[in-house]
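# Summary of structural features
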Protein chains: 2
Amino acid sequence: MITLYDHPLSGNCHKVRLLMSMLDLTWQSEFVDVPNEAHHAPWYGEINPLREIPAIDDDGHIACDSQAILTYLAWKHDPAWLGDSAEERGRVVQWLSFAANEIGNSLQPARLYYLLGEKVDIAAVTAKGLRVLGVLDTRLAQQPWLAAARPTIADLACLPYVAMAREGKLPLDEFPHVMAWIDRVAALPGYVSMPGLPAAKAA
Amino acid sequence: MITLYDHPLSGNCHKVRLLMSMLDLTWQSEFVDVPNEAHHAPWYGEINPLREIPAIDDDGHIACDSQAILTYLAWKHDPAWLGDSAEERGRVVQWLSFAANEIGNSLQPARLYYLLGEKVDIAAVTAKGLRVLGVLDTRLAQQPWLAAARPTIADLACLPYVAMAREGKLPLDEFPHVMAWIDRVAALPGYVSMPGLPAAKAA
C-alpha cells in the first residue's frame, strides 16, 4: 500500500495523484498541513529531510520529489510512461527538469503569491511565466504530447501548475495549443481533477 | 559522431564532457561564445529554442538540457549509469532535479555573479547555496554516492557547480563529506577536469 504525504491544493502532490490514478494503484492520503508548517514537525523530517511534499511511503520505500516519484512509480508499474527509446527518455527528463526549474520558479510561485500571499518577486515570476507558457505553446503546436508520440510522465509533471496558471493571474487563454493539451490530458483514462483544474473530459 | 555545443567554462557543458569521457565516446566540441551572446544568433535557435548550452547533435538527433543529455547518452551506451532498480532510478531523477533547480539557482548564479558580474540577488543565492551544500554533506555522510551504491549520472550532474563553489565564494572546505565525494569523482576512470575543478586523481 502506498501512503502519499499530501495536501489537496498542492499541484506537486497532484502530479503523483494523476499517475497513481492512471496506473490504477491503491493508495491512501496522509494530510500534511503545510500552510500551518506541519512539514517542519520532527516526524516529517524523518520522511523527507528537504521538508517538502509530496513524499510517498511504498511499503517501506520512501521517495521524495514529485518528478522522482513519477519516475519510480512508472518504472515499477508501467515503463511505457517513461518513453520507449533513449531519445524519448532523454526528452522526458528534459521536461521533468523544465517542470522542476522553469515552471517551479514561475507559474508555481505566481500562484502562491495570489493564493497564500507568499513573498515573491511577482513581476519577475510573471515575466518568466509568460516565457514558459510561450515555450510550451510552441512545442505543443508541433506535437500533441511533450516528449513522445503519446503521453508520458513529462505531461503529468508539467500539467498542474500550467493548467492552474490563471490562479497566478497568467493569461492562459492566450496560449491555444497549451489549452488544447490540457483538454487532452483531462480526457486520459484515470484523469482526476483538483480545485483549479478542469473536470475529467470524455475521451 | 557527437557534436557538443560547448563553452569551456560552462559547468553544465562539463557534465556532458564528463559522461562522454567516462563512456569513451568520440565527440567534437563546437564553441558557442555565450558571454558574447552567440547563443542568441539565429542558427543556434535551430539547435536549441531555449538558447542554452549544452546541446548535442548525435548524428542528427538533437538533445538539449544537461540532465536530459546525460539520460539520453546513458540509455544509449550504458544504462548502468541510470541505476539498476525503480528505487535507484527514482533517486537518480531526484538528484537530477536537485542539480537543475536547487544547485542551478544557488551555486551556479553565485559563480556567475563573481566571474561575469551577472545581475543576481547574491545574498539570497549565497544563503541558498549554503543550504544546498548542507543537504549534500548530510547525504554524503551516509553513503559514498548520491543515488546508488555506485556512481550514476546523478553524481555527474551535481559535481561541477558544487566543486566550483569557491568561485561563488561559498565555503566549500567546511563540508568535508562533499569534499571527499569530489575526490571520489575525480578518481573515476575517464574523469576530465576543467578550470576550477580538481585534476584527475589516481583511483
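Residues numbered from 1 in each chain as written. Chains lettered and ligands numbered in written order. Predicted model: local features only at pLDDT ≥ 70, side-chain atom pairs only at ≥ 80, totals over all residues. Heavy atoms only, no water.

## Notes on the overall build of chain A
In terms of helices and strands, chain A carries eight helices and four strands. Taken from N to C terminus, the helices and strands of chain A fall in the order β-α-β-α-β-β-α-α-α-α-α-α. In terms of overall dimensions, chain A has C-alpha extents of about 45 × 40 × 30 Å along its principal axes. Expressed as a percentage of the 203 residues in chain A, the buried residues total 56%. In chain A, 64% of the contacts between residues at least 6 apart in sequence involve partners at least 24 apart. In the structure as shown, chain A presents an accessible area of about 8300 Å², 53% of it carried by carbon and sulfur atoms. Across chain A, the centroid of the 16 positively charged side chains sits 6 Å from that of the 24 negatively charged ones. (Helix = DSSP H or I, 4+ residues; strand = E, 2+ residues; numbered from the N terminus. Buried < 20%, exposed > 50% of the residue type's maximum accessible area, 1.4 Å probe, protein only. Contact = heavy atoms within 4.5 Å. Areas by Shrake-Rupley, 256 points an atom, 1.4 Å probe, with all protein chains shown as cover. Lys, Arg positive; Asp, Glu negative; His and termini not counted. Charge placed at Lys NZ, Arg CZ, Asp CG, Glu CD.)

## Some details on the packing of aromatic side chains
Following the criterion strictly, the structure yields eleven aromatic pairs over all chains and no others. With a centroid separation of 6.0 Å and 50 degrees between ring planes, the pair formed by Y5(A) and W43(A) is classed as tilted. Residue Y5(A) is located in strand β1 (residues 2-6), and its partner W43(A) is located in helix α2 (residues 42-47); the two are separated by 38 residues in the primary sequence. The exposure class of Y5(A) is buried, given its relative accessible area of 9%. According to the relative accessible area criterion, W43(A) is partly exposed, its value standing at 41%. Aromatic pair W75(A) and W75(B): ring centres 5.6 Å apart, planes at 20 degrees, arrangement stacked. Taken together, the residues span two chains, with W75(A) in helix α3 (residues 66-77) and W75(B) in helix α3 (residues 66-77). Given the relative accessible area of 18%, W75(A) is considered buried. Taken together, the aromatic side chains of Y5(A), W43(A) and Y44(A) make up a single cluster linked through ring pairs. The ring of Y114(A) has K169(A) lying over it, and the distance from NZ or CZ to the ring centre is 5.0 Å. (Phe/Tyr/Trp six-rings, centres within 6.5 Å; stacked < 30°, edge-to-face > 60°. Lys NZ or Arg CZ within 6 Å of the ring centre and 35° of its normal.)

## Here's the deal with the sheet that holds strand β3 (residues 55-58) of chain A
What links the strands of a sheet is backbone hydrogen bonding, and the strands pair in either a parallel or an antiparallel sense. All names here are of chain A. Pairing is mixed across the open sheet formed by four strands, whose spatial order is β2-β1-β3-β4. A strand with exactly one partner marks an edge of an open sheet, and here the two such strands are β2 (27-31) and β4 (61-64). This sheet shows a mean twist of 20 degrees between the axes of neighbouring strands, independent of strand direction. Bridge count for β3 against β4 is four bridges, and the pairing is antiparallel. Its bridge partner being in β4, I56 is matched across the sheet by A63. Most of the contacts of helix α1 (residues 11-22) go to β1, to which it runs at about 155 degrees, and overall it touches β1, β2 and β3. (Pairing = 2+ DSSP bridges. Axes fitted to C-alpha atoms, helices over the stretch in contact; angles between N-to-C directions.)

## Topic: the sheet that holds strand β3 (residues 55-58) of chain B
Residue and element names in this part refer to chain B. Here four strands make up an open sheet; going across it, the order is β2-β1-β3-β4 and the pairing mixed. Every interior strand has two partners, whereas the edge strands, β2 (27-31) and β4 (61-64), have only one. Each adjacent strand pair in this sheet contributes to an overall mean axis angle of 20 degrees, direction not counted. The pairing of strand β1 (residues 2-6) with β3 spans four bridges and is antiparallel. The residue bridging T3 from the neighbouring strand is D57, located in β3.

## A word on the UniProt feature "domain: GST C-terminal" (unreviewed entry) in chain A
Per the UniProt annotation, the sites labelled "domain: GST C-terminal" (unreviewed entry) are residues 85-202 of chain A. For residues 85-202 of chain A, the helix share is 60%, the strand share is 0%, and the end-to-end C-alpha distance is 30 Å. (UniProt positions renumbered as here; feature names shortened; annotations may be inferred.)

## Some thoughts on the relation of the copies chain B and chain A
A rotation about an axis combined with a shift along that same axis relates the two copies of the chain. With an RMSD of 0.0 Å, chain B superimposes on chain A once it is rotated by 180 degrees and translated 0.0 Å along the axis. Seen this way, the second copy is the image of the first under a two-fold rotation axis. When each C-alpha of chain B is compared by its distance to the rotation axis, N101(B) comes out closest, at 2.4 Å. Interface overlap between copies is the fraction of interface residues in one copy that are interface residues in the other; for chain B against chain A it reaches 100%, indicating a shared surface. (Least-squares fit on C-alpha atoms with pLDDT ≥ 70 in both.)

## Let's talk about empty space enclosed by the protein
Summed over all chains, the structure comprises two cavities of 30 Å³ or more. As a volume, the largest cavity reaches approximately 150 Å³. If you go around the largest cavity, you meet 15 residues; those closest to its centre are T71(A), W75(A), V93(A), W75(B) and V93(B). Breaking the lining of the largest cavity down by element, the ones donating at least two residues are α3 and α4 (86-103) of chain A together with α3 and α4 (86-103) of chain B. Here the residues of the lining of the largest cavity sort into eleven nonpolar, two polar and two charged. What lines the second largest cavity is simply H61(A), A63(A), C64(A), A68(A), Y72(A), E87(B), G90(B), R91(B) and Q94(B). Mapped onto the lining of the second largest cavity, the elements with two or more residues apiece are β4 and α3 of chain A together with α4 of chain B. Looking at the lining of the second largest cavity element by element, the count peaks at four residues for α4(B). (1 Å grid on protein atoms, 1.4 Å probe; cavity = no way out; pocket = protein on both sides within 12 Å on 5 of 7 lines; lining within 4 Å. Points joined across faces, edges and corners; volume = space filled by probe spheres on them. Nonpolar A, V, L, I, M, F, W, Y, C, P; charged D, E, K, R; others polar.)

## Remarks on the domain arrangement of chain A
All names here are of chain A. Under the domain assignment, chain A is made up of domain 1 (2-77) and domain 2 (82-186). For domain 1 versus domain 2, the distance between C-alpha centres works out to 20 Å. At the interface, 14 residues of domain 1 touch 15 residues of domain 2. Our count for the contact surface shared by domain 1 and domain 2 stands at zero salt bridges. Those elements that provide at least two residues to the side of domain 1 that touches domain 2 are α1 and α3. Per element, the largest residue contribution to the side of domain 1 that touches domain 2 is seven residues, and it comes from α1. Tallied by class, residues from the side of domain 1 that touches domain 2 come to seven nonpolar, six polar and one charged. (Domains from an automatic or database assignment. Salt bridge = Lys/Arg side-chain N within 4 Å of Asp/Glu carboxyl O.)

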